[in-house]
Amino acid sequence: VIYCQTFETRSWSFEKMYLASMKNEADSQEFCSHGNEYKCESRGRVIPCDFIGVVKSQQPGEALNTHDELMSNFFAQPDALAYGKTPEQFQKENVPPHLIPHKTFSGNRPSFSLLLPSLNAYNIGQLLAIYEHRIGVEGFIWGINSFD
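In this text the structure is predicted, and so the values were computed from the model without any measurement. (Residues numbered from 1 in each chain as written. Predicted model: local features only at pLDDT ≥ 70, side-chain atom pairs only at ≥ 80, totals over all residues. Heavy atoms only, no water.)

A. Spotlight on the pattern of salt bridges. Summed over all chains, the structure comprises 2 salt bridges. Linking Arg 134 and Asp 50 is a salt bridge whose minimum nitrogen-to-oxygen distance equals 3.0 Å. Of this pair, Arg 134 sits in helix H4 (residues 121-142) while Asp 50 is found in strand E5 (residues 49-54), placing the two residues 84 residues apart along the sequence. Residue Lys 85 pairs with Glu 93 through a salt bridge whose shortest N-O separation is 2.8 Å. Judged by relative accessible area, Lys 85 falls into the partly exposed class, the value being 24%. (Salt bridge = Lys/Arg side-chain N within 4 Å of Asp/Glu carboxyl O. Helix = DSSP H or I, 4+ residues; strand = E, 2+ residues; numbered from the N terminus. Buried < 20%, exposed > 50% of the residue type's maximum accessible area, 1.4 Å probe, protein only.)

Written out as structure tokens, the structure is:
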């Protein structure tokens, strides 16, 4: 699962002051599907992505091991966001010249990878606890009441 991180969308501070400028520019939460991983941007502002993977497949014994393909993508996406790809690299890969401007992207984009051992109720509960804690801490640091 590739999930674009949402920032605090609350509009009230602890002092009950309205914070219209703190509104998230990403139009709330957005799932990224294959092919639009790099579109997790809004109006030029880079939004960090969270990558959540699961070690153990839920479909054991599948003929085509799609889980391995998904895990390859899980490890490749954060690298791509971190390092980017230049036109020179595409030229070395013999990409048609008319496609190079559309495939080139800069790196230095933040992301967070989390690898769960399996997809079960306990691990999902831990995942929810991490995100609840993260939102609470962000709100405290920014002076926003995350639970208004």
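Now that the structure is up, let's keep going.
B. Broad picture of a nonpolar patch on the surface. A contiguous nonpolar patch, built from Val 137, Phe 140, Ile 141 and Trp 142 and spanning about 450 Å² of accessible area, is present on the exposed surface. Note on placement: Phe 140 falls in helix H4. Of the residues examined, Phe 140 reaches a relative accessible area of 65% and is grouped as exposed. (Patch = residues over 30% accessible without salt bridge, like charges linked within 9 Å, V, L, I, M, F, W, Y side chains within 5 Å. Areas by Shrake-Rupley, 256 points an atom, 1.4 Å probe, with all protein chains shown as cover.)

C. Highlighting the environment of Leu 81. Assignment of secondary structure puts Leu 81 in helix H1 (residues 66-83). The exposure class assigned to Leu 81 is buried, which follows from its relative accessible area of 4%. Between the C-alpha atom of Leu 81 and that of Gly 107, which follows or precedes it by 26 residues, the distance is 5.2 Å.

D. How the structure looks around H4. In this model, H4 (22 residues) spans 32 Å end to end at C-alpha, consistent with the 32 Å of a helix rising 1.5 Å per residue. Within H4 the residues assigned to the buried category are Asn 123, Leu 127, Glu 138 and Gly 139. For H4, the angular spread of the buried residues around the axis is 150 degrees, confining them to a single face. Every exposed residue of H4 that faces more than 90 degrees away from the buried side is listed here: Ala 121, Tyr 122, Leu 128, Glu 132, His 133 and Phe 140. Buried-residue contacts for H4 involve E5 and strand E6 (111-116). For H4, the N-terminal cap is Asn 120; the gap from its side-chain oxygen to the backbone nitrogen of Tyr 122 is 3.3 Å. Positive phi shows up at Gly 143, right after H4, with a value of about 75 degrees. (Expected span 1.5 Å × (residues − 1). Arc of directions from axis to C-beta. Contact = heavy atoms within 4.5 Å. Polar contact = N/O pair within 3.5 Å; in protein donor to acceptor, adjacent residues only side chain to side chain.)

E. Structural detail: H1. When the terminal C-alpha atoms of H1 are compared, their 26 Å separation across 18 residues agrees well with the 26 Å that a helix rising 1.5 Å per residue should span. Three or more residues of H1 are buried, namely His 67, Met 71, Phe 74, Gln 77, Pro 78, Ala 80 and Leu 81. Positive phi shows up at Gly 84, right after H1, with a value of about 70 degrees.

F. Structural view of the pairing of E5. When you tally the buried positions in E5, you get 6 out of 6 residues, the bulk of the element. Both faces of E5 are covered, namely the face carrying Cys 49, Phe 51 and Gly 53 and the face carrying Asp 50, Ile 52 and Val 54. Bridge analysis of E5 against E6 gives 6 bridges, and the strand direction is parallel. Its bridge partner being in E6, Gly 53 is matched across the sheet by Leu 115. (Pairing = 2+ DSSP bridges.)

Function-wise, these values are silent; they only describe arrangement.
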